[in-house]
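Next come the chains, spelled out residue by residue.
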Amino acid sequence: MKLYHGTNADIENIDLTRGLRYKDFGKGFYVTPDRTTAIRMAQKRARLFGGTPTLITYEMDETVMQSNLKVKVFPETACTEWLLFVDANRDRKNTNSIHDYDIVIGPIANDGVVLQLTNYREGIYSPEEAARLLQDKYLDQQYFFGSEKALRFLHKIKVESV
């Protein structure tokens, strides 16, 4: 399966320690099966931090799903479990990782999701209500790689400026 990473420069070797902590699934390396989404990410990153919008294409060895790695797969649409998982990972009060999954697959929390997370945190909606309000929205998908063991199943095949 092809997966894409949008950034502002080529990545020679993936360094998990460089990932940002308070992302949807925690500190790790993120890719998406949607080329357009990755290109958008590359352009945004280059605009914010300089560099050249760069799309890195990876091949994921699908035997990973039969390996002994801990893998969490969320549905492609919003659900309460996913919403609470993203909220916990983004919560800056959590100083330690909230999970020990090697790989997490699920929707990307876009701006609309952030609004519903805020409404949930402020007590306007229950997590179930917030997730239900997101059910009809298409959410791009992401793959989180959180361990060196998981990265062994990801192989860079192409780098291009976009």
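Structure: above.
The model shown is predicted, which means the values in this text are computed figures rather than measured ones.

Turning next to the sheet that holds strand S5 (residues 103–107). Read from one edge of the open sheet, four strands run S2-S6-S5-S4, paired in mixed fashion. Strand pairing shows two members of the sheet lacking a second neighbour, strand S2 (29–31) and strand S4 (71–73), which therefore form its edges. Sheet twist, expressed as the mean angle between neighbouring strand axes with direction ignored, is 20°. The pairing of S5 with strand S6 (residues 141–145) spans five bridges and is classified as antiparallel. Opposite Val 104, over in S6, you have Phe 144 as the bridge partner.

Counting buried positions along strand S3 (residues 54–60) yields six of seven residues, so the element is predominantly enclosed. Both strand S1 (residues 2–7) and S3 contribute to a ladder of six bridges, which runs antiparallel. Paired with His 5 across the bridge in S3 is Ile 56. Looking at chain direction, S3 and strand S7 (residues 154–161) are connected through seven bridges and run antiparallel. In the sheet register, Thr 57 faces S7, and the bridge partner there is Lys 158.

Let us now look at the nonpolar core. In a soluble, globular protein the nonpolar side chains are often hidden away together inside. The biggest cluster of nonpolar side chains holds 19 residues, and the ones touching the most others in it are Ile 14, Phe 29, Phe 145 and Leu 154. Broken down by secondary-structure element, the contributors of at least two residues to this core are S2, S3, S5, S6 and helix H5 (148–151). Contacts of Phe 29, omitting those with residues within four sequence positions, involve His 5, Ile 11, Ile 14, Leu 16, Tyr 58, Tyr 143, Phe 144, Phe 145, Leu 151 and Leu 154. Among the nonpolar cores identified, the runner-up in size contains 17 residues, and Tyr 30, Cys 79, Ala 130 and Leu 139 belong to it.

Before going further, it helps to spend a moment on the sheet that holds S3. Read from one edge to the other, the open sheet built from three strands follows the order S1-S3-S7, with strand pairing classed as antiparallel. Where the open sheet ends on each side, the last strands, each with one partner, are S1 and S7. The sheet shows a mean angle of 25° between the axes of neighbouring strands, direction not considered. Here helix H1 (residues 35–49) sits on the sheet in contact with S1, S3 and S7, set at roughly 15° to S1.

With that settled, consider the side chain of Thr 57. One can find Thr 57 in strand S3. Setting aside chain neighbours within four positions, we find Thr 57 in contact with Lys 2, Leu 3, Tyr 4, His 155, Lys 156, Ile 157, Lys 158 and Glu 160.

Now for the packing of aromatic side chains. Under the definition given, this model contains seven aromatic pairs. Here Phe 25 and Tyr 30 contribute two aromatic rings whose centre-to-centre distance is 6.4 Å and whose plane-to-plane angle is 25°, an arrangement assigned as stacked. Relative accessible area serves as the criterion here: at 0%, Phe 25 is assigned to the buried category. You can call Tyr 30 buried: its relative accessible area is 17%. Arranged with centres 6.0 Å apart and planes meeting at 25°, the rings of Phe 25 and Phe 74 form a pair that is stacked. With Phe 25 in the loop between S1 and S2 and Phe 74 in the loop between S4 and helix H2 (80–90), the pair connects residues that are 49 residues apart, well separated along the chain. Look at Phe 74 and you get buried, because its relative accessible area is 5%. In this structure an aromatic cluster arises from ring pairing among Phe 25, Tyr 30, Phe 74, Phe 85, Tyr 101 and Phe 144. The ring of Tyr 22 is capped by Arg 21, whose NZ or CZ atom sits 5.9 Å from the centre of that ring. Here the basic side chain of Lys 70 rests over the ring of Tyr 101, its NZ or CZ set 5.1 Å away from the ring centre.

Basis of the calculations
Residue positions are counted from 1 within each chain, in the order its sequence is given. Since the coordinates come from a predicted model, pLDDT governs what is reported: local features require at least 70, and pairs of side-chain atoms require 80 or more to be given and counted, while whole-chain, interface and lining totals use all residues. Just so you know, side-chain values use all the structure's heavy atoms and leave hydrogens and water out. Strand pairing is defined by DSSP finding a minimum of two bridges between the two strands. A run of H or I in DSSP becomes a helix once it reaches four residues, and a run of E becomes a strand once it reaches two; helices and strands are each numbered from the N terminus. Comment: axis = line fitted to C-alpha atoms, over the contacting stretch for helices; angle = value between 0 and 180 degrees taken between N-to-C directions. Buried means the residue's accessible area, taken with a 1.4 Å probe over protein chains only, is under 20% of the maximum for its type, while exposed means over 50%, and partly exposed covers the values in between. We define the nonpolar core as a collection of buried residues of types Ala, Val, Leu, Ile, Met, Phe, Trp, Tyr and Cys that are connected through side-chain atoms lying within 4.5 Å of one another. The contact criterion used throughout is that any non-hydrogen atoms of two residues lie within 4.5 Å. Any pair of Phe, Tyr and Trp rings, taking the six-membered ring for Trp, is counted once the centres come within 6.5 Å. Such a pair is stacked with planes under 30 degrees apart, edge-to-face with planes over 60 apart, and tilted for the rest. In this scheme, the term charge over a ring applies when either NZ of a lysine or CZ of an arginine sits within 6 Å of the ring centre and within 35 degrees of the ring normal.

Remember, this is a structural readout, not a statement about activity or role.
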